[in-house]
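# An overview of the molecular structure
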Amino acid sequence: MKILTIEKLEVGVAGKKILKGLDIEINSGELHAIMGPNGSGKSTLANALAGYPAFTIISGTAKLKGKDLFSMSPEQRAREGLFLAFQYPIEIQGVNTAYFLKAALNEQRKYRNLEEIDAFEFLEILKSKASKLGISDNLLNRSINYGFSGGEKKRLEMLQLLLLSPDLAILDETDSGLDIDSLKVIADAINSVRSSENAQLVITHYQRLLDYVVPDRVHVLYKGRIIKSDGPELAKEIEKRGYDYLINDLQPEIEPVNT
Amino acid sequence: MQDLLRHEAINVTRHFKQNWLHLFHSYETNSQLNDPPWLLKRRRSAFARFLKSFPPETKHERYKNTGINELLETQIISQPRVLTCDKIKLTSDDYSSSGALRIVFVNGCYNAELSSECLNTQGLSILPLKRTLSSNQYEKPIWLGLNSAKDENPFSQLNTALFNDGAFIFVGEGEKVEQPIEAVFLTTAEAENSIVLPRLLVVVSARSSISIIEKHISISDAPVIEIPVTEIIAGEHSNIEHVRISVGSVLSWQIGSLFVNQNSNSTVRLNINSARYKGSIVSVSDKLLGENASLNINGLINGFDHEYNSAHTLIEHIAPQCSSHQLFHSLLTDNSRGNYYGTIQVHPNSQKTISKQTVRTILLSAQASMYASPRLMINADDVKCSHAATVGQISSDALFYLRSRGIAEKAAKQMLIESFITQLKEDIHSPGLIAELSKFHDKLIQKFFANDNDRKVNIQN
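Below, the structure is looked at part by part. (Residues numbered from 1 in each chain as written. Chains lettered and ligands numbered in written order. Predicted model: local features only at pLDDT ≥ 70, side-chain atom pairs only at ≥ 80, totals over all residues. Heavy atoms only, no water.)

## Remarks on the pattern of salt bridges
Residue and element names in this part refer to chain A. Applying the stated rule across the entire model yields 26 salt bridges over all chains. Here glutamate 25 and lysine 2 are joined by a salt bridge, their closest N and O atoms 3.9 Å apart. In this pair, glutamate 25 sits in strand E2 (residues 16–27) while lysine 2 sits in strand E1 (residues 2–13), placing the two residues 23 residues apart along the sequence. On the basis of relative accessible area, glutamate 25 is assigned to the partly exposed category, the value being 38%. Look at lysine 2 and you get partly exposed, because its relative accessible area is 43%. Across the pair lysine 65 and aspartate 167 runs a salt bridge whose closest N-O atoms are separated by 2.6 Å. (Salt bridge = Lys/Arg side-chain N within 4 Å of Asp/Glu carboxyl O. Helix = DSSP H or I, 4+ residues; strand = E, 2+ residues; numbered from the N terminus. Buried < 20%, exposed > 50% of the residue type's maximum accessible area, 1.4 Å probe, protein only.)

Shown next, in the form of structure tokens:
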């Protein structure tokens with residue numbers, strides 16, 4: 001089953017085109033990695049798929065399990081099974097983390113005609129999943145991400161991944177800024193949700209995470225286009241040689257000439 | 001033409017003052033209060049100050065966005081009237097309270113029917129002021145009007161000059177009063193086109209603690225100007241929590257003042273709220289007189305329609321090693337206007353002062369506006385003082401984060417607004433006070449998210 005199908009996608013922000021015709025197809029059971037140097041458009045892709053209002057879809061389509069993503073609000077996308085783990089999770093002072101997680105889970109369950117989970121049952125589920133990630137009860141009783149360390153923020157994103165078990169998880173540089181122990185915790189979480197029913201799109205700068213989370217396919221994004229797609233060995237090659245060898249192979253873009 | 005206009009303006013001002021003078025004289029000659037001589041003296045001096053400072057300098061930045069000019073143009077100001085207690089029919093069945101210890105005033109006059117039984121013990125007294133003033137053996141209310149005596153705000157002076165009655169709460173040395181005490185001030189239709197002058201005096205002796213809820217509630221839509229004054233004396237090592245909730249009506253105004261004197265090692269936590277007035281200004285003036293005193297003020301400025309809602313603070317660090325923290329959140333929608341004008345004044349020798357003031361504003365409509373002016377006046381060199389003010393809209397990043405988890409836009413906004421408001425109660429510890437605040441917050445949040453037709457949600461009790 002096709003989980004995500006992106007065709008000829010062009011996305012802009014503040015009048016500037018960032019993604020310039022992008023095609024990706026991810027089937028159920030697959031984990032794809034998108035790599036690329038800074039400014040290549042990786043986060044733009046993640047945020048555009050999740051529906052961040054600042055990004056404008058110029059042309060192209062994206063379908064989640066055959067449904068048009070761009071006609072949906074961000075909350076509809078989430079309810080349809082899309083999850084974005086933020087590169088920079090937002091701090092929201094005053095909103096209790098556990099309260100927010102329960103609201104999110106129940107909103108999604110309601111949409112799928114499942115019974116809402118009561119507070120008692122929810123806490124049981126939450127605590128068991130949180131302990132796997134080394135998240136303390138104390139953290140869950142604080143405001144969302146407020147005053148959390150970088151590692152704690154990323155773990156909370158993973159907790160949401162475990163809790164919401166989405167059909168498509170997009171992980172936007174979840175590995176950035178993590179020490180090796182935290183990286184392993186994050187990788188374990190990603191591996192634990194992988195199944196033949198769902199898919200993951202992992203965005204990363206480095207090979208490091210892919211040592212623990214083995215992708216089925218690796219795409220290299222550069223200046224808004226996929227310049228190469230291959231198996232997991234591509235990530236290793238990039239680690240060894242950098243992006244330059246791929247970039248140097250490219251034909252120079254032909255600038256239109258005004259006459 | 002210009003001269004003619006100026007001449008007219010002076011005449012009008014004079015005319016108002018004559019009316020006020022007349023009001024004070026008739027009040028004085030009536031001498032219905034049987035005031036002790038010291039109080040009569042204070043009333044006279046307060047009235048003299050009122051005449052000197054009224055009308056206030058409306059162009060001053062403290063009055064920007066407050067609607068003060070609209071207030072001064074009302075008929076109640078030009079033809080002032082204060083109800084006398086003997087004329088008030090005490091028939092306020094509309095109000096019920098769960099508070100076991102409460103003292104209730106209707107249009108500024110004591111209502112025994114609605115109040116719990118008066119208490120007059122060594123440890124705790126809850127009494128109408130008038131009763132304590134008329135019995136000469138009772139010297140405790142001597143504090144009355146002392147805090148406010150030099151206030152430049154004409155409205156607080158007016159209250160001292162003309163108030164009928166008020167609540168007097170006294171806590172003896174070393175008393176820990178567990179149960180919250182309610183002081184309730186109702187305004188009814190009978191006070192239409194009048195000025196209501198409620199008074200609350202709280203004296204907390206050394207090493208005592210108390211939690212108080214002060215409520216001002218309009219139970220009619222009649223145009224009324226309520227000018228309440230609260231004075232709090234915090235003894236050494238005392239601990240006071242004071243929540244003030246005012247709920248007015250579309251044509252009513254409230255110009256309130258709160259004066260606090262803090263002795264050494266006292267802890268005072270204030271929580272200031274008002275809603276639904278045509279206009280309201282609450283001025284808090286706190287003097288940290290003794291070492292190691294600490295003050296915390298949280299306040300909510302909010303507005304709908306064409307309402308004005310303002311908070312003014314003056315925190316004077318007079319003794320060393322005191323701390324004061326202010327957190328004001330402002331939430332304005334429609335065409336409402338908000339104002340925060342706050343000053344922290346660190347006197348010379350008040351070393352090791354820690355003082356912070358924070359004002360955060362969320363504007364929910366393009367027409368709403370907030371004027372925030374946090375000010376620091378520091379005359380000591382070893383202090384930590386800071387101030388900050390932000391004005392913005394609901395954070396689009398926070399909104400997107402919540403929505404990206406499947407929470408609908410409206411619910412996400414509600415969650416953010418709710419957290420913005422409810423953060424303000426975090427410093428209050430008394431469960432009874434928290435419950436009252438939560439009740440007020442819930443109704444306010446409900447109103448912010450109601451459809452236009454449902455906007456008339458009753459946020460009274």
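## Details of the sheet that holds strand E5 (residues 67–68) of chain A
Residues and elements named next belong to chain A. Pairing is antiparallel across the open sheet formed by 4 strands, whose spatial order is E2-E1-E4-E5. Of all strands in the sheet, those with a lone pairing partner are E2 and E5, marking the two edges. Taken together, the 8 bridges between E1 and strand E4 (residues 55–64) define a ladder with antiparallel strand orientation. Of the residues in E4, the one forming a bridge with valine 13 is phenylalanine 55. Sheet contacts for helix H1 (residues 42–50): E1, E2 and E4; angle to E1, the most-contacted strand, approximately 110°. (Pairing = 2+ DSSP bridges. Contact = heavy atoms within 4.5 Å. Axes fitted to C-alpha atoms, helices over the stretch in contact; angles between N-to-C directions.)

## Concerning the packing of helix H6 (residues 150–164) of chain A against helix H7 (residues 180–193) of chain A
Residues and elements named next belong to chain A. Close contact between H6 and H7 brings their axes to 10 Å; oriented N to C, the two are set at 10°. When the axis of H6 is compared with that of H7, the two are roughly parallel. Of the two elements, H6 crosses H7, and the hand of that crossing is left-handed. Side by side, H6 and H7 meet where Lys154, Arg155, Met158, Leu161 and Leu162 of the first sit next to Ser182, Val185, Ile186, Ala189, Ile190, Ser192 and Val193 of the second. (Parallel < 35°, antiparallel > 145°, perpendicular 65-115°, else oblique. Left-handed = near helix turned anticlockwise from the far one by under 90°.)

## Here's the deal with the state of the cysteines
Enumeration according to the criterion identifies 0 disulfides over all chains in this entry. We note that B:Cys385 lacks a disulfide partner, and the nearest cysteine sulfur, in B:Cys322, lies 12 Å from it. (Disulfide = S-S within 2.5 Å.)

## Comments concerning the sheet that holds strand E6 (residues 181–187) of chain B
Residues and elements named next belong to chain B. Pairing is mixed across the open sheet formed by 10 strands, whose spatial order is E2-E1-E6-E9-E12-E14-E16-E18-E20-E22. Strand pairing shows two members of the sheet lacking a second neighbour, strand E2 (109–110) and strand E22 (384–392), which therefore form its edges. Where strand E1 (residues 101–106) lies against E2, 2 bridges are found, and the strand directions are antiparallel. Residue pairing across strands places valine 106 opposite cysteine 109, the latter belonging to E2. Packing against the sheet, helix H8 (residues 409–422) makes contact with strand E16 (294–303), strand E18 (323–332) and strand E20 (354–363), and its axis sits at approximately 150° to E18. Contacts between helix H9 (residues 431–448) and the sheet are confined to E6, strand E9 (209–218), strand E12 (239–247), strand E14 (267–275), E16 and E18, with E12 contributing the most and set at about 30° to the helix.

## Looking at the interface of chain B and chain A
Listed per partner, the contact involves 19 residues of chain B and 32 residues of chain A. In total, chain B and chain A occlude about 2000 Å² of area from one another, counting both sides; carbon and sulfur atoms represent 64% of this. On the surface where chain B and chain A come into contact, there are 2 salt bridges. Taken together, the links from chain B to chain A amount to 12 residue pairs in polar contact (both at pLDDT 80 or more). Of all the secondary structure elements, the ones that give two or more residues to the side of chain B that touches chain A are helix H7 (396–403) and H8 of chain B. If you tally residues by element for the side of chain B that touches chain A, the top one is H7(B), at 7 residues. Split into classes, the residues belonging to the side of chain B that touches chain A amount to 8 nonpolar, 5 polar and 6 charged. (Buried area = accessible area lost by both parts, 1.4 Å probe. Polar contact = N/O pair within 3.5 Å; in protein donor to acceptor, adjacent residues only side chain to side chain. Nonpolar A, V, L, I, M, F, W, Y, C, P; charged D, E, K, R; others polar.)

The analysis is restricted to geometry; functional conclusions fall outside its scope.
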